[in-house]
Amino acid sequence: MIEPETVLKVARLARLELSEEESARLAVELGRILGHVDRLEELDVTDVPPVMHGTGGSDVYREDAAGPTLSVRDALAN
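The paragraphs below set out a description of the structure included in this document. (Residues numbered from 1 in each chain as written. Predicted model: local features only at pLDDT ≥ 70, side-chain atom pairs only at ≥ 80, totals over all residues. Heavy atoms only, no water.)

1. Brief notes about the packing of helix 1 (residues 4-13) against helix 2 (residues 20-41)
With their axes 8 Å apart at the nearest point, helix 1 and helix 2 run at an angle of 105 degrees to one another. Relative to helix 2, the element helix 1 is oriented roughly perpendicular. Contact residues: helix 1 offers Pro4, Val7 and Leu8, while helix 2 offers Glu20, Ser23, Ala24, Leu26, Ala27 and Leu30. Broken down by class, the residue content of the contact of helix 1 with helix 2 amounts to seven nonpolar, one polar and one charged. (Axes fitted to C-alpha atoms, helices over the stretch in contact; angles between N-to-C directions. Helix = DSSP H or I, 4+ residues; strand = E, 2+ residues; numbered from the N terminus. Parallel < 35°, antiparallel > 145°, perpendicular 65-115°, else oblique. Contact = heavy atoms within 4.5 Å. Nonpolar A, V, L, I, M, F, W, Y, C, P; charged D, E, K, R; others polar.)

Here you go:
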């Protein structure tokens, strides 16, 4: 469990202004998030190979080709 005082300390470091109510609510939410992370750490991933990208795709971008452009007058019209 994260204490509201810890949330306030981190908020101060991030230059955020939180009320006591907000810090209490965020402490509960952050505690839940960290609980989910703890559950993920329980998984056995010894046989899972490391990957660079989650999608497994390669070169997913379109071909870079020149196309029609705006004239200087049109580009500066705004």
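2. With respect to the pattern of salt bridges
In this structure the tally under the stated criterion is one salt bridge. With a shortest N-O distance of 3.2 Å, Arg25 and Glu29 are connected by a salt bridge. In this pair, Arg25 and Glu29 are both assigned in helix 2, four residues apart and thus about one turn of the helix distant. Residue Arg25 is classed as partly exposed on the basis of its relative accessible area of 45%. (Salt bridge = Lys/Arg side-chain N within 4 Å of Asp/Glu carboxyl O. Buried < 20%, exposed > 50% of the residue type's maximum accessible area, 1.4 Å probe, protein only.)

3. With respect to the environment of Asp64
Relative to the elements of secondary structure, Asp64 occurs in the loop between helix 2 and helix 3 (72-75). On the basis of relative accessibility, which here comes to 71%, the residue Asp64 falls in the exposed class. Each C-alpha atom, one on Asp64 and one on Glu29, is 44 Å from the other, the two residues being 35 residues apart in sequence.

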